[in-house]
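Chain residues, written in single-letter form:
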Amino acid sequence: MNRIILMGRLVRDPEVKVTTTQKTVCTFTLAVDRPFTSKNGQREADFIPIQTWNKTAEVCGNSLSKGQRVLVEGRLQIRSFDGKDGNKHYMTEVIADRVEFIERKESGNTSTGAASKPAQAKQGFESFGQDVTGQPGMQFDEEIPF
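Quick caveat: nothing in here was measured; it's all calculated off a predicted structure. Every chain's residues receive numbers from 1 upward, in the order its sequence appears when written. The model is predicted, so local features are restricted to residues of pLDDT at least 70 and side-chain atom pairs to those at 80 or more, both for listing and for counting; the totals for chains, interfaces and linings are taken over all residues. Side-chain measures here rest on the full set of heavy atoms in the structure, leaving out hydrogens and waters.

For this particular structure, what's the right way to read the overall build of the chain?
Only runs of H or I of at least four residues qualify as helices and only runs of E of at least two qualify as strands under DSSP, and these elements are numbered from the N terminus. Counting its secondary structure elements, the chain contains one helix and six strands. Counting from the amino terminus, helix and strand elements in the chain follow one another as β-β-β-β-α-β-β. When a residue's accessible area, from a 1.4 Å probe over protein chains only, is under 20% of the maximum for its type it is buried; when over 50% it is exposed; and in between it is partly exposed. By residue count, 25% of the 146 residues in the chain fall in the buried class. When checking whether two residues touch, look at their non-hydrogen atoms; a contact exists if any pair is within 4.5 Å. Within the chain, contacts between residues at least 6 apart in sequence are counted, and of these 58% link residues at least 24 apart. As presented, the chain carries roughly 11,300 Å² of accessible surface, and 52% of it is formed by carbon and sulfur atoms. Areas reported here follow the Shrake-Rupley algorithm with a probe of radius 1.4 Å; residue values treat only the protein chains shown as occluding.

Hey, could you run me through the environment of Trp53 in this one?
Note on placement: Trp53 falls in strand 4 (residues 43–53). The exposure class assigned to Trp53 is partly exposed, which follows from its relative accessible area of 32%. The spatial distance from the C-alpha of Trp53 to the C-alpha of Lys23 is 7.2 Å, given a sequence separation of 30 residues. Beyond its immediate sequence surroundings of up to four residues, Trp53 is in contact with Thr19, Lys23, Thr24, Val25 and Ile95.

I would appreciate a short explanation of the nonpolar core in the present structure.
Ranked by size, the top nonpolar core spans 16 residues in total, and within it Phe28, Leu30, Ile50 and Val72 carry the most contacts. Sorting the residues of this core by element identifies strand 1 (4–10), strand 3 (24–37), strand 4, helix 1 (54–63), strand 5 (69–82) and strand 6 (88–101) as the ones contributing at least two each. Ranked by the residues each element gives to this core, the list is headed by strand 3, at four residues. Nonpolar cores were defined as sets of buried Ala, Val, Leu, Ile, Met, Phe, Trp, Tyr and Cys residues, with membership established by side-chain atoms within 4.5 Å.

Help me out: how do you make sense of the state of the cysteines in this one?
Two cysteines form a disulfide when their sulfur atoms are joined by a covalent bond. A pair of sulfur atoms, both from cysteines and within 2.5 Å, is called a disulfide here. Here the structure, examined in full by the defined rule, presents zero disulfides. Cysteine Cys26 shares no disulfide, and the gap to the nearest cysteine sulfur, in Cys60, comes to 5.3 Å. A relative accessible area of 1% means that Cys60 is categorised as buried.

Can you help me understand the environment of Asp97 in this one?
Tracing the backbone shows Asp97 in strand 6. Residue Asp97 is classed as partly exposed on the basis of its relative accessible area, which comes to 46%. In contact with Asp97, other than residues within four places in its own chain, are Arg3, Thr56, Glu73 and Gly74.

Before we go on, may I ask you to explain the pattern of salt bridges in this structure?
Once the charged atoms of two side chains with opposite charge are near each other, the side chains can pair. By definition, a salt bridge exists where a carboxyl oxygen of Asp or Glu is found within 4 Å of a side-chain nitrogen of Lys or Arg. This model, assessed by the stated rule, comprises nine salt bridges. A salt bridge links Arg98 to Glu100, with the shortest nitrogen-to-oxygen separation between them at 2.2 Å. Relative accessible area serves as the criterion here: at 27%, Glu100 is assigned to the partly exposed category. One continuous salt-bridge network, built from bridges that share partners, spans Arg3, Glu73, Asp97, Arg98 and Glu100.

What am I meant to see in the pairing of strand 4 here?
Working note: regular strand, side chains alternate between the two faces of the sheet. Here ten bridges tie strand 3 to strand 4, and the two strands are oriented antiparallel to one another. Paired with Thr29 across the bridge in strand 4 is Pro49. Between strand 3 and strand 4, which pair antiparallel in sequence order, lie five residues; one of them, Gly41, sits at a positive phi of approximately 85°. Should DSSP find at least two bridges between two strands, the strands are regarded as paired. With three bridges connecting them, strand 4 and strand 6 associate as parallel partners. Note on strand 6: the bridge partner recorded for Thr52 is Ala96.

Structure (structure tokens):
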């Protein structure tokens, strides 16, 4: 079984291309934190190249940007090619078939007034949906309907 799941941040904006056979491919690099620190206490990360194809590539190209946190699920691929120097080179990458957006794309709001200060960005699952239980005029019935 060849399955890999990664969570990290995009190092730069994704690159989208169309092949000669009219297939869309999107490539980006994901910085994934290592679960330990170095000897000097610094956090370390691995920089993993990711490739998506077709509809997933289109969605990633239109929706992702540098610094955004994503969860990637796919397979590990190692390919080889002969370089211009005549030596055989190896490329390790993840071919993603599923990409989940963990954070929303930052909006271009640059105003700094106290009244227009944006709410602090939520992380992970906290960013999904909205809380309707504490809104005025909303009654919340906790009884299960079955």
